[in-house]
Amino acid sequence: MEALLRVENLTKVFPRQGRENDTAVKDISFALLPGEVLGMIGESGSGKTTLVNMITRLLEPTAGRIFLNGEDITCVRGRELRRIYRSIQMVFQSPADSFDPRRTLGAGIGESLQNYGWSAAASKKRAAQLLELCGLPASFSKRYAYQVSGGQCQRAAIARAIAIQPRILILDEATSALDVTIQAEILALLKKLRRELDMSYLFICHDLALVQDFCDRVLVMHQGSIVEEGIPDEVFRCPKNEYTRRLIESAL
Amino acid sequence: MNGPAHRMRRLHKNGVRTRLTVFCILALALIACSLFSEHLCPYDPYAQDLENALAAPSATHVLGTDRYGRDMLSRVLIGSRTSIASTLSLVGIIMVFGTAIGVLCGWNGKRLDSLVMRISDMFLAFPGLVFALAVAGILGGGLHNAIFALAAISWPKYARIARNQTLALKEATFIKAARLSGSTGTEIICRHILPNIAGPVLVTGMLDIGTMMMELAGLSYLGLGAKPPAAEWGSMMSDARSLLQTVPWVTFAPGVAIFISVMVFNLFGDAVRDYLDPKAGER
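Below, the structure is looked at part by part. Nothing here was measured: the structure is a model prediction, and the numbers come from that model. (Residues numbered from 1 in each chain as written. Chains lettered and ligands numbered in written order. Predicted model: local features only at pLDDT ≥ 70, side-chain atom pairs only at ≥ 80, totals over all residues.)

## Brief notes about the nonpolar core
Here is step 1 of the chain: Ranked by internal contacts, the top residues of the largest apolar core, which has 137 residues, are Leu202(A), Phe203(A) and Leu150(B).
Here is step 2 of the chain: Among the elements that make up this core, the one with the highest residue count is helix H8 (residues 185-221) of chain B (13 residues).
Here is step 3 of the chain: The residue makeup of this core includes at least three contributed by each of domain 1 (5-87 + 166-251) and domain 2 (101-164) of chain A.
Here is step 4 of the chain: Not counting residues up to four positions away in its chain, the partners in contact with Leu150(B) are Leu90(B), Ala132(B), Met212(B), Glu215(B) and Leu216(B). (Core = buried A, V, L, I, M, F, W, Y, C linked by C-beta atoms within 7 Å. Buried ≥ 20, exposed ≤ 12 C-beta atoms within 10 Å, placed from the backbone. Helix = DSSP H or I, 4+ residues; strand = E, 2+ residues; numbered from the N terminus. Domains from an automatic or database assignment. Contact = placed C-beta atoms within 7 Å.)

Here it is in structure tokens:
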């Protein structure tokens, strides 16, 4: 099956003055298949966020290539990026910070729609519909991020991410900042949206149980490299890598 | 939330709001004065009447007359146009220009940023008014040149503020989210950066109005600003300083005018800052 997103030998080195350079991501290759939920676990500092920032082109890779539907997007810049963001969207870890404090949630959700040619009125209406799809009342589009709870804000952030119907949704610790019951609600929402909108997820997380429950396949990252890959149940039952074993033990 | 601390904060907030309203009205009154000064003048501010020169304040000439017999009240009123209007336009210019440079530097970073920031370091290294004197001296007198000189030395402050705020915002999650929404750099600056840095820049501008008014009057006093016979408070004071001991009202009238305007604009700036300060309580 043709991969939706393929990453080949991606590397990111942060130059450090006077000290040894910091290699955050080391020669990583993997593929995301259509319709799949790919989990990615690893402790903080293992390079997960650096990796997705490179995939979403917020960060320039030092080496390696990124392919979207077979097209090399490693060097796409400026206005051309819109084409990529039509397919790839991301939900961030801290819900409260992911909306402009001076703009309403509706304006935040409508921003992408307007960038893709929707009129102001149409995108306003659509933003309200998207909020409802994500389990919030339409009236929330007039609220500001500081006026809603973390879970509600994350729902709004998901509404923004799915506004232009991407094929790939990257969830960068999207549930980590929420408490357990809200986490479960957000996961249920994500499962529902995936069924309805036919998306693939790249689900980044440090909670093993969550990954086991939610993902079709899992990558284990450690110090910038992928140390293990497989079906979550198998990986957790008989981990091949020493680090994975430690990670599972420390979770229990 | 009904504790004493909360009530104190609300009282404080009310005080700030009252102060803001009062000084806003006073500042607007001053601006209105300068706008309609032509209609408020009892006499032609430039009409000489040598027989009536240096007359003491009386019912006909409320603030007396100067050495050419010109009515002081009319001259102070018409002078407010020069002083207030040029100060406001000066602050407007440096606010827009400095912020634009600062945002561009902060957003683009790299070489442009280091270059412009070194230049602004150079400007900041000189004592302000001395540098303005030099610039105005080189350009020659005249109100426009004085405004230009003060603008040339004052923009780095705004560029600094705008740059630092932009640098901090650039890493914010909501800016990344805006990028992912497909917004280009220019769109992000207009939609997210500028509205978010407007507060601190505006407050700095408000607090600068008084200072700029003083400096502009200072340059005129030294003969580098408005030229006689144009009525301008600084040059009017300079004109009358040799008469200070015999006919003090000729110096006092423009002096008091400067004092009041600087005071009102400074207190207005303070009130705006306190009002926008989140620590002063709930909005």
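## So, the pairing of strand S8 (residues 200-205) of chain A
Sheet faces and side chains relate simply in a regular strand, where the side chains alternate between the two faces.
Residue and element names in this part refer to chain A.
Here is step 1 of the chain: Counting buried positions over the six residues of S8 gives six, a clear majority of the element.
Here is step 2 of the chain: Along S8, one buried face is formed by Ser-200, Leu-202 and Ile-204 and the opposite face, lined by Tyr-201, Phe-203 and Cys-205, is buried too.
Here is step 3 of the chain: Across five bridges, strand S3 (residues 37-41) lies against S8 in parallel orientation. Looking across to S8, one finds that Met-40 is bridged to Ile-204.
Here is step 4 of the chain: Taken together, strand S7 (residues 168-172), helix H6 (residues 180-197) and S8 form a β-α-β motif whose crossover is right-handed. (Pairing = 2+ DSSP bridges. Right-handed = clockwise from strand over helix to strand, strands pointing away.)

## What about the environment of Gln89(A)?
Here is step 1 of the chain: Position of Gln89(A) among the secondary structure elements: in strand S6 (residues 88-91).
Here is step 2 of the chain: Counting along the chain gives 112 residues from Gln89(A) to Tyr201(A), while the straight-line C-alpha distance between them is 9.8 Å.
Here is step 3 of the chain: Contacts of Gln89(A), omitting those with residues within four sequence positions, involve Ala161(A), Ile162(A), Pro166(A), Leu169(A) and Leu180(B).

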